[in-house]
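As a plain string of letters, each chain reads:
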Amino acid sequence: GNSVTQMEGPVTLSEEAFLTINCTYTATGYPSLFWYVQYPGEGLQLLLKATKADDKGSNKGFEATYRKETTSFHLEKGSVQVSDSAVYFCALSENFQFYFGTGTSLTVIP
Amino acid sequence: DSGVTQTPKHLITATGQRVTLRCSPRSGDLSVYWYQQSLDQGLQFLIQYYNGEERAKGNILERFSAQQFPDLHSELNLSSLELGDSALYFCASSAEYNEQFFGPGTRLTVL
């Protein structure tokens with residue numbers, strides 16, 4: 001069956017550090033892949049997406065590339081800010097269903 | 001603002017009671033999804049409706065039920081509430097099964 005596995009947190013980084021949050025998936029076909037972000041006290045917001053292999057999604061300095069050969073969709077940002085502190089969820093969509101990872105909490109300290 | 005609305009924002013009730021959570025999807029979105037988010041179990045998919053019909057079911061308890069009405073709003077009914085049902089309940093809507101937009105959530109506290 002379909003599933004998403006993402007790096008466990010919590011992750012604590014200093015401002016301007018490089019961020020990677022790993023995400024791998026299992027799917028039977030050709031899913032779309034997403035990263036969602038949840039700021040404290042809020043709902044999930046779509047951060048970026050990729051709909052086919054080798055696509056790169058990007059938004060607000062975050063990037064992730066759909067790698068079919070390694071079934072991965074790792075989230076990266078070159079220089080994090082305090083305002084990036086949030087919980088990040090990797091997700092896939094296939095056949096009308098969505099599957100979410102367990103979420104990775106990121107705290108950025110000044 | 002995602003365009004998805006949920007009411008109420010907070011709900012406090014007692015064990016054994018029944019509550020109804022309401023969700024209005026973004027204009028034009030036919031799909032509605034319900035999720036439960038708790039500290040120990042993360043984000044759990046409960047159920048999906050598409051244009052009034054149940055489309056997919058996740059880890060939804062038999063004490064829970066949902067429906068989607070002709071105007072596309074949806075309600076999640078939780079009955080015989082237990083302490084462990086305390087959680088955030090999110091609704092999301094989608095137009096083409098390719099991207100979900102989440103509401104702000106309803107925080108349920110069962111005392």
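Since we're looking at a predicted model, the values are computed, not measured.

**Points about the sheet that holds strand S8 (residues 62-65) of chain A**
All names here are of chain A. Spatially, four strands are ordered S3-S9-S8-S7 in an open sheet, and the strand pairing comes out antiparallel. Since the sheet does not close on itself, it has two edges, and those belong to strand S3 (19-21) and strand S7 (56-59), each with one partner. Strand-to-strand twist across the sheet, computed as the mean angle between neighbouring axes with direction ignored, equals 15°. Sheet topology note: the S3/strand S9 (residues 75-77) ladder contains three bridges and is antiparallel. Bridge pairing links isoleucine 21 to leucine 75 in S9.

**Comments concerning unusual backbone geometry**
In this chain, Gly9(A) is followed by Pro10(A) through a cis amide linkage whose omega measures -5°. Within the fold, Pro10(A) resides in the loop between strand S1 (3-6) and strand S2 (11-14). Here the bond from Thr7(B) into Pro8(B) is cis, since omega is -10°, no more than 30 degrees from zero. Secondary-structure assignment places Pro8(B) in the loop between strand S1 (5-7) and strand S2 (10-13). The backbone of Thr71(A) shows a phi angle near 45°, a positive value even though the residue is not glycine. Checked against the element boundaries, Thr71(A) lands in the loop between S8 and S9. Even without being glycine, Asn51(B) reaches a positive phi, approximately 50°.

The rules behind each value
Residues numbered from 1 in each chain as written. Chains lettered and ligands numbered in written order. Predicted model: local features only at pLDDT ≥ 70, side-chain atom pairs only at ≥ 80, totals over all residues. Heavy atoms only, no water. Pairing = 2+ DSSP bridges. Helix = DSSP H or I, 4+ residues; strand = E, 2+ residues; numbered from the N terminus. Axes fitted to C-alpha atoms, helices over the stretch in contact; angles between N-to-C directions.

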